[in-house]
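# Working through the structure, step by step
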Amino acid sequence: MNRDADIELLTAAARSAGTIAMGYFGQDPDVWHKSGGSPVSEADMAVNAYLHQHLRAARPDHGWLSEESSESELQTDTDRLFIVDPIDGTRGFLAGDPRWAVSLAIVDTGRPASAVLYLPAAETMYWASAGAGAWRGETAIRTSDRDHLSGATLAGPTAWLKSTHMAKLDLIHHGYVPSLAYRIAMVADNLVDGAIARPGAHDWDLAAADLLVHEAGGRLTGLDGQALRYNEPALRHELLVAGSHHLHGPLIDIVQRVFDDKQAGQSQPTTMIRNR
């Protein structure tokens, strides 16, 4: 297993995929909707087709799991596979928001081993290799060293961030980020102190960003504090919390309280939270 070669393969593929996507960005591409209501565009499909052909040709022994591939194209009965989101943040992409990403990971026996997250509109390349750290281009990145929640900056769904529990801590709502993968990568790059993902995120939303956070000194887990496993029978995940080494545990505690309130139907919005 040559992780340098894997990163080289993934970064080159991400750049080419980004070039394809940018050809549609701001050009009003054709759009349709999946059964659950989420949009997919001709840009998503064009990027997916390129990545499937290029990556599978380079590593024919690897399996394949992508948001935009048909059932017949998936190959998940293997320990080592590509997990891909051709355009993570399609709604933002279609709205002209530059915070969308090409998300690529190689997963080995349930955990990401190599990962690339590329933001073509911002010309920003994140990458990580298990045991070799997390990087933005040629710059090593680390999570925040903040050791207390008061005043911490969070990215995530507004309804979660505006809970009374979080407002009491004077947490700063960073604002909605269309790409979930980039929202988590922001934790790795010390752009925010923590991030929340609503229940229902899929493997392809998370695998690359998970490795970035882990290698940058943070964690991405469910409320049980356990590392995520990929290419399992269930591809969707429960409520997730990403944070630095110091803040991950306290964030889980407060998000658990918000979750319990929501489950009980008692959570009330508040205007006490500051906007960044």
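That block above? That's the structure.
First, a word on what this report is: a plain description of the structure on this page. (Residues numbered from 1 in each chain as written. Predicted model: local features only at pLDDT ≥ 70, side-chain atom pairs only at ≥ 80, totals over all residues. Heavy atoms only, no water.)

## Some remarks on the layout of surface pockets
Estimated volume of the largest pocket: approximately 750 Å³. Taken together, 26 residues make up the lining of the largest pocket; nearest its centre are Ser38, Glu67, Arg91, His202 and Asp205. Counting residues per element, the ones that place at least two in the lining of the largest pocket are strand E4 (80–88), helix H3 (90–95), helix H6 (180–188) and helix H7 (203–215). Within the lining of the largest pocket, the residues separate by chemical class into nine nonpolar, seven polar and ten charged. Roughly 230 Å³ of internal volume is contained in the second largest pocket. Taken together, 16 residues line the second largest pocket, and the ones lying closest to its centre are Gly222, Asp224, Leu228, Glu238 and Leu240. A class-by-class count of the residues in the lining of the second largest pocket yields eight nonpolar, three polar and five charged. (1 Å grid on protein atoms, 1.4 Å probe; cavity = no way out; pocket = protein on both sides within 12 Å on 5 of 7 lines; lining within 4 Å. Points joined across faces, edges and corners; volume = space filled by probe spheres on them. Helix = DSSP H or I, 4+ residues; strand = E, 2+ residues; numbered from the N terminus. Nonpolar A, V, L, I, M, F, W, Y, C, P; charged D, E, K, R; others polar.)

## What about the environment of Ser163?
Tracing the backbone shows Ser163 in the loop between helix H4 (158–161) and helix H5 (164–168). Assessed through its relative accessible area of 2%, Ser163 is described here as buried. Between the C-alpha atom of Ser163 and that of Val177, which follows or precedes it by 14 residues, the distance is 18 Å. (Buried < 20%, exposed > 50% of the residue type's maximum accessible area, 1.4 Å probe, protein only.)

## Notes on the environment of Arg99
By secondary structure assignment, the location of Arg99 is in the loop between H3 and strand E5 (101–108). For Arg99, a relative accessible area of 28% puts it in the partly exposed group. When neighbours within four sequence positions are excluded, Arg99 is seen to be in contact with Tyr176, Val177, Pro178, Ser179 and Tyr182. (Contact = heavy atoms within 4.5 Å.)

## Comments concerning unusual backbone geometry
Of note in the backbone geometry, Asp28 takes a positive phi value of approximately 55° without being a glycine. Structurally, the position occupied by Asp28 is in the loop between helix H1 (3–22) and strand E1 (31–33). Of note, the phi angle at Glu123 is positive, near 50°, even though the residue is not glycine. Relative to the assigned elements, Glu123 resides in the loop between strand E6 (111–119) and strand E7 (124–129).

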